[in-house]
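This is what each chain is made of:
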Amino acid sequence: TPLPSTPGARGAPSIGDWPKMSRTEVRAPNRVPQILVQNRQRLVRIPLPELQQFAVRALLLTLAEPARKEARLTNLREVFVLVISDRRMAKLHRDFFHVSGPTDVITFQHGELFISAETPRRQAREFRTTLRQELQLYLVHGLLHLQGFDDTIAKAARRMEATQTRILAALS
């Protein structure tokens, strides 16, 4: 299933639209955006501290990849990873892509990744992986979109998948 991305989406939800919540903040070296992972749902238990640590490491490896197009993670000051319910994901999917139903991850080029909590739980059962592995996959996939990778054209999708696989292997 292709994972949507919205380069330059206008009217995309801002982190300020979501209620404030305590979070783990990690500041990486110069020219590297801060990455924050937040859980905004209650249906699935998310290993938040572990996912936050993974996000920092994944960000650094993604930054080592050549940026595609104009998109560059280094142009962002912050990246927000928000784990949300399928209900909220379906609303974003409908509002910004005009597609009914939830999806696994939606990336907004101004630095927000929305990851469904329920979809990776289902996918983990289907593909005999773990919730943690699925969440990590979606996180890396979204970061690659922020680095300008595209999965809408077959050749670019193969390159993105190979890069994603290499990053996940390096982090395991």
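Anything mentioned here points back to the structure above.
Read on for an overview of the structure. The numbering scheme is per chain: residues are counted from 1 as the chain's sequence reads. Residues qualify for local features only when their pLDDT is at least 70, as the model is predicted, and side-chain atom pairs are given and counted only at 80 or more; totals for whole chains, interfaces and linings, by contrast, use all residues. Side-chain figures throughout are based on the complete set of non-hydrogen atoms in the structure, without hydrogens or water.

A word on the overall build of the protein. By definition, any uninterrupted DSSP run of H or I lasting at least four residues is a helix, any uninterrupted run of E lasting at least two residues is a strand, and each is numbered from the N terminus. Each helix and strand counted, the protein has 5 helices and 5 strands in total. From first element to last, N terminus to C terminus, the protein shows the α and β order β-β-α-β-α-β-β-α-α-α. Partly exposed describes any residue whose relative accessible area lies between the buried limit of under 20% and the exposed limit of over 50%, with all areas from a 1.4 Å probe on protein chains only and scaled to the type maximum. Here the protein, with 172 residues, has 50% of them falling under the buried criterion. Values of accessible area rely on a 1.4 Å probe in the Shrake-Rupley scheme; residue burial ignores everything except the protein chains shown. As presented, the protein carries roughly 9,300 Å² of accessible surface, and 51% of it is formed by carbon and sulfur atoms.

Here helix α4 (residues 131-146) crosses helix α5 (residues 154-171) at 125°, and the two axes come no closer than 10 Å. Relative to α5, the element α4 is oriented oblique. When the axes of α4 and α5 are compared, the crossing they make is right-handed. Along the contact surface, α4 presents Gln136, Leu137, Val140, His141, Leu144 and His145, while α5 presents Met160, Thr163, Gln164, Ile167 and Leu168. Note on residue classes: Ala, Val, Leu, Ile, Met, Phe, Trp, Tyr, Cys and Pro are nonpolar, Asp, Glu, Lys and Arg are charged, and everything else, Gly too, is polar. The residue inventory of the contact of α4 with α5, partitioned by class, reads 6 nonpolar, 5 polar and no charged. Lines fitted to C-alpha atoms define the axes here, with helix axes fitted over just the stretch in contact, and angles between the N-to-C directions of these axes take values from 0 to 180 degrees. Throughout this description, any angle smaller than 35 degrees is read as roughly parallel, any larger than 145 degrees as roughly antiparallel, any in the 65 to 115 degree range as roughly perpendicular, and the remainder as oblique. For a crossing to be left-handed, the near helix must be turned anticlockwise from the far one by less than a right angle; the clockwise case is right-handed. We call two residues in contact when some of their heavy atoms are within 4.5 Å.

Next up on the list: the packing of helix α3 (residues 118-127) against α4. Any two packed helices are characterised by the angle at which their axes cross and by the distance between the axes. Running from N to C, α3 and α4 point in directions that differ by 120°, and their axes come no closer than 8 Å. As the angle between them shows, α3 and α4 are arranged oblique. In this structure, α3 meets α4 at a crossing whose hand is right-handed. Across the interface between the two elements, Thr119, Pro120, Arg121, Gln123 and Ala124 of α3 pack against Leu131, Glu134, Leu135 and Tyr138 of α4. When grouped by side-chain class, the residues that make up the contact of α3 with α4 number 5 nonpolar, 2 polar and 2 charged.

With that settled, the discussion passes to the pattern of salt bridges. Definition used for salt bridges: Asp or Glu carboxyl oxygen within 4 Å of a side-chain nitrogen of Lys or Arg. Using the criterion set out here, one finds 4 salt bridges in the structure. A salt bridge links glutamate 50 to arginine 132; the shortest N-O distance between them is 3.4 Å. Here arginine 132 lies in helix α4 and glutamate 50 lies in helix α1 (residues 48-63), a separation of 82 residues in the sequence. In this structure, aspartate 86 engages arginine 122 in a salt bridge whose closest nitrogen and oxygen atoms are separated by 2.9 Å. In this pair, aspartate 86 is assigned in helix α2 (residues 86-97) and arginine 122 in helix α3, connecting sequence segments 36 residues apart. By relative accessible area, which is 10% here, aspartate 86 ends up buried.

All right, on to the packing of aromatic side chains then. Working definition: rings of Phe, Tyr and Trp (its six-membered ring) pair if their centres are within 6.5 Å, and the pair is stacked with planes under 30 degrees apart, edge-to-face with planes over 60 apart, and tilted otherwise. What the rule picks out here adds up to 2 aromatic pairs. With centroids separated by 5.1 Å and ring planes inclined at 75°, the aromatic side chains of phenylalanine 96 and phenylalanine 108 adopt a geometry described as edge-to-face. Separated by 12 residues along the polypeptide, phenylalanine 96 in helix α2 and phenylalanine 108 in strand β4 (residues 105-108) bring together distant segments of the chain. The class for phenylalanine 96 is partly exposed, based on a relative accessible area of 23%.

Its location among the elements puts glutamine 147 in the loop between α4 and α5. Sequence spacing of glutamine 147 and glutamate 65 is 82 residues, and the spatial spacing of their C-alpha atoms is 7.9 Å. Polar contacts, as counted here, are pairs of nitrogen or oxygen atoms within 3.5 Å of one another; within protein the pair requires one atom able to donate a hydrogen and one able to accept it, and residues that are adjacent in sequence qualify only if both atoms are side-chain atoms. At a separation of 2.9 Å, a polar atom in the side chain of glutamine 147 contacts the main-chain amide nitrogen of leucine 73.

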